[in-house]
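A look at the structure
Chain residues, written in single-letter form:
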Amino acid sequence: MRRALVLALAACGHAAPVQPPAPPPVHAPPPDAALPPPPPDAPLALEDDLPRLASRALHMYQDWQKALVDAGTDCAAAARNVNAVADTYADVIAANTRVLHAGHDRIVALKHALEPYDQQMSTAAEAIVHAKAIASCQGDPELGKALDRMGSSP
């Protein structure tokens, strides 16, 4: 009986507290570990790839010309079209800005990269300046904002 009482008291006692499992070890890189290098085929930033920037700039000018020609004298259409070109070529506009801020040597290097496209760029710029939308929409605030996005006049 005494034995039954001991077993009964033992059975009524509280269970030992359960310890939560230990968190898994964290395997962090050592603090002096270097970041892996970029893959060898990673493209250069556009402002660092001047031949590619020059080619994209030519396409931007040609699309800008088409945007204005397609709009005719419709100022709202001209603004919409030019904004679409600015959206499409935002990388070119930003890269041109970075080259301009990089100083004289970078500007000269970009001019050299643009030389093969001089005639085509001049033709597009001339068409932009003489587009009907430019003449008939002078002072239109929306077209003005769109042109500002392009970096103003060619």
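The structure reproduced in this document is the subject of the present report.

What follows deals with the overall build of the protein chain. From N to C terminus, the protein chain includes 8 helices and 0 strands. Going from N to C terminus, the protein chain has its helices and strands arranged as α-α-α-α-α-α-α-α. Residues counted as buried form 26% of the 154 residues belonging to the protein chain. Counted over contacts in the protein chain with a minimum sequence separation of 6, partners at least 24 positions apart contribute 76%. As presented, the protein chain carries roughly 10,900 Å² of accessible surface, and 62% of it is formed by carbon and sulfur atoms.

Before going further, it helps to spend a moment on the pattern of salt bridges. Under the criterion given, the structure shown has 7 salt bridges. As a salt-bridge pair, Asp-91 and Arg-56 come within 2.7 Å of each other at their nearest N and O atoms. Placement of the pair is Asp-91 in helix 4 (residues 90-102) and Arg-56 in helix 2 (residues 50-71), with a sequence separation of 35 residues. Overall, Arg-56 belongs to the partly exposed group, its relative accessible area being 26%. Taking the shortest distance from any N to any O, the salt bridge between Lys-66 and Asp-70 comes out at 2.6 Å. A residue pair is termed a helical-turn pair when its members lie 3 or 4 positions apart in one helix, as Lys-66 and Asp-70 do in helix 2 at 4 residues.

The subject of this paragraph is helix 3 (residues 75-88). Residues separated by three or four positions in an α-helix point in the same direction, a consequence of the helix having 3.6 residues per turn. Counted at 1.5 Å a residue, the expected span for helix 3 with its 14 residues is 20 Å, and the 20 Å between its end C-alpha atoms agrees. Along helix 3, the positions that sit buried rather than exposed are Cys-75, Ala-77, Ala-78, Ala-79, Val-82, Val-85 and Ala-86. Tucked inside the fold, the buried residues of helix 3 contact helix 2, helix 4, helix 7 (132-136) and helix 8 (141-149). The N-cap of helix 3, judged by a side-chain oxygen 3.1 Å from the amide nitrogen of Ala-76 a few residues on, is Asp-74.

With that settled, consider the nonpolar core. One finds Leu-53, Met-60, Tyr-61, Trp-64, Leu-68, Val-82 and Met-150 to be the most contacted residues of the largest nonpolar core, which totals 38 residues. Of all the secondary-structure elements, those providing two or more residues to this core are helix 2, helix 3, helix 4, helix 5 (104-114), helix 6 (118-129) and helix 8. Here this core takes 11 residues from helix 2, the largest share from any one element. Those residues within four positions of Met-150 in sequence are excluded, and the remaining contacts are Met-60, Trp-64, Val-82, Val-85, Ala-86 and Ile-93.

A few words on the packing of aromatic side chains. Applying the stated criterion to the full structure yields 1 aromatic pair. Between Tyr-61 and Trp-64, the aromatic rings sit 5.5 Å apart at their centres with planes inclined by 65 degrees, giving edge-to-face as the arrangement. Here Tyr-61 pairs with Trp-64, and both are found in helix 2, just 3 residues apart, close to one helical turn. In this pair, the class of Tyr-61 matches that of Trp-64, namely buried.

Quick look at the state of the cysteines now. Applying the stated criterion across every chain yields a total of 1 disulfide. Across a sulfur-sulfur distance of 2.0 Å, Cys-75 and Cys-137 are joined as a disulfide pair. Disulfide Cys-75-Cys-137: the torsion about the S-S bond is -100 degrees, which places it as left-handed. Placement of the pair is Cys-75 in helix 3 and Cys-137 in the loop between helix 7 and helix 8, with a sequence separation of 62 residues. Each member of the pair Cys-75 and Cys-137 is classed as buried.

What counts, and at which threshold
Residues numbered from 1 in each chain as written. Predicted model: local features only at pLDDT ≥ 70, side-chain atom pairs only at ≥ 80, totals over all residues. Heavy atoms only, no water. Helix = DSSP H or I, 4+ residues; strand = E, 2+ residues; numbered from the N terminus. Buried < 20%, exposed > 50% of the residue type's maximum accessible area, 1.4 Å probe, protein only. Contact = heavy atoms within 4.5 Å. Areas by Shrake-Rupley, 256 points an atom, 1.4 Å probe, with all protein chains shown as cover. Salt bridge = Lys/Arg side-chain N within 4 Å of Asp/Glu carboxyl O. Expected span 1.5 Å × (residues − 1). Polar contact = N/O pair within 3.5 Å; in protein donor to acceptor, adjacent residues only side chain to side chain. Core = buried A, V, L, I, M, F, W, Y, C linked by side-chain atoms within 4.5 Å. Phe/Tyr/Trp six-rings, centres within 6.5 Å; stacked < 30°, edge-to-face > 60°. Disulfide = S-S within 2.5 Å.

In short, the description is geometric, and any link to function would need to be established separately.
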